[in-house]
Amino acid sequence: MTQDQLKQAVGRAAIAHLVEGEIVGVGTGSTANCFIDELAARKDRFPGAVASSEATRRRLEGHGITVYDLDEVDRIPVYVDGADEINAAMQMIKGGGGALTREKIVAAVAGKFICIADAAKLVPVLGRFPLPVEVVPMALGHVRRELAAIGGSPVLREGFVTDNGNLIIDVGGLEILDPAGLETRINQIVGVVTNGLFARRPADVCLLGTAAGVLTLTAG
């Protein structure tokens with residue numbers, strides 16, 4: 001199977017985890033887009049969705065799916081999103097598409113977080129994929145120096161502004177042995193909005209696309 005076919009397979013498999021008649025939380029990126037396309041074929045079974053980015057909002061609305069702001073809904077039983085990397089503990093690096101802050105907010109609200117990914121995203125140790133950090137523009141220099149001080153190689157994502165009007169620094173050269181600890185440490189740097197480690201709120205389930213089919217993984 002091609003990578004696109006794997007993404008389509010996990011997007012299709014995620015439908016079975018949704019709660020019919022309830023709002024769906026929807027992530028951002030190419031794999032999440034495959035899920036949106038599957039959701040569109042069943043949109044009459046769900047009242048609508050909460051989007052984690054403006055790009056996701058546009059794709060949902062393009063399919064005729066009602067999109068609600070997060071403060072308009074009481075609960076989100078299930079949130080479905082991809083990952084740039086995920087480990088066996090269901091901890092992830094996310095934010096390759098720059099939507100990490102809104103993704104993290106929706107994930108925090110959701111009762112269940114379903115990660116959909118192809119097999120290449122499963123890694124023994126996080127950090128091969130550069131860690132995105134969303135930064136208030138005024139603090140760019142300060143945050144870059146602080147990230148370098150913890151052993152990272154911070155690089156500004158040129159020509160990119162988040163939906164929140166902020167910048168992204170991609171931090172390479174990290175071997176992340178304590179994802180939850182590093183998530184907290186980076187978030188404590190003044191000027192950081194949040195970072196792309198989803199360790200304190202990991203996925204509950206990972207639907208992993210492989211040549212042998214979709215595998216269902218949970219922590220432990």
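Residues numbered from 1 in each chain as written. Predicted model: local features only at pLDDT ≥ 70, side-chain atom pairs only at ≥ 80, totals over all residues. Heavy atoms only, no water.

## Some thoughts on the nonpolar core
Counting 22 residues, the largest nonpolar core has Leu 18, Val 26, Phe 35, Leu 39, Leu 60, Val 80 and Ile 116 as the members making the most contacts within it. Mapped by element, the contributors of at least two residues to this core are helix H1 (3–14), strand S1 (24–26), helix H2 (30–40), strand S2 (49–51), strand S4 (78–81), strand S7 (112–118) and strand S13 (205–210). Sorting elements by how many residues they give to this core places H2 first, with four residues. Apart from the residues lying within four places of it in its own chain, the contact partners of Leu 39 are Ile 15, Leu 18, Val 26, Phe 46, Leu 60 and Ile 65. One finds Val 133, Val 171, Leu 174 and Leu 182 within the second-largest nonpolar core, a separate group that totals 21 residues. (Core = buried A, V, L, I, M, F, W, Y, C linked by side-chain atoms within 4.5 Å. Buried < 20%, exposed > 50% of the residue type's maximum accessible area, 1.4 Å probe, protein only. Helix = DSSP H or I, 4+ residues; strand = E, 2+ residues; numbered from the N terminus. Contact = heavy atoms within 4.5 Å.)

## A few points about the sheet that holds strand S6 (residues 92–93)
Two pairing modes exist for strands in a sheet, parallel and antiparallel, and in both the strands are linked by backbone hydrogen bonds. Read from one edge of the open sheet, three strands run S5-S6-S12, paired in antiparallel fashion. Of all the strands in the sheet, the pair left with one neighbour each is strand S5 (85–86) and strand S12 (197–198). In terms of strand pairing, S6 meets S12 through two bridges, oriented antiparallel. Residue Ile 93 lies in a different strand from S12, and its bridge partner there is Leu 197. (Pairing = 2+ DSSP bridges.)

## Examining a nonpolar patch on the surface
Judged by side-chain polarity, Val 136, Met 138 and Val 193 come together as a nonpolar surface patch covering roughly 310 Å² of accessible area. Tracing the chain through its elements places Val 136 in the loop between strand S8 (131–135) and helix H5 (140–149). (Patch = residues over 30% accessible without salt bridge, like charges linked within 9 Å, V, L, I, M, F, W, Y side chains within 5 Å. Areas by Shrake-Rupley, 256 points an atom, 1.4 Å probe, with all protein chains shown as cover. Salt bridge = Lys/Arg side-chain N within 4 Å of Asp/Glu carboxyl O.)

## Remarks on the side chain of Glu 38
Mapped onto the secondary structure, Glu 38 falls in helix H2. Among the polar contacts made by the side chain of Glu 38, one reaches the side chain of Arg 12 at a distance of 3.5 Å. When near neighbours in sequence (up to four residues on either side) are disregarded, Glu 38 contacts Gln 8, Gly 11, Arg 12 and Ile 15. (Polar contact = N/O pair within 3.5 Å; in protein donor to acceptor, adjacent residues only side chain to side chain.)

## Overview of empty space enclosed by the protein
The full count for this structure, using the stated rule, is one cavity of 30 Å³ or more. Lining the largest cavity are Ser 52, Gly 98, Ala 99, Thr 101, Arg 102, Glu 134, Thr 162, Asp 163 and Asn 164. Of the residues assigned to the lining of the largest cavity, the class counts are one nonpolar, five polar and three charged. (1 Å grid on protein atoms, 1.4 Å probe; cavity = no way out; pocket = protein on both sides within 12 Å on 5 of 7 lines; lining within 4 Å. Points joined across faces, edges and corners; volume = space filled by probe spheres on them. Nonpolar A, V, L, I, M, F, W, Y, C, P; charged D, E, K, R; others polar.)

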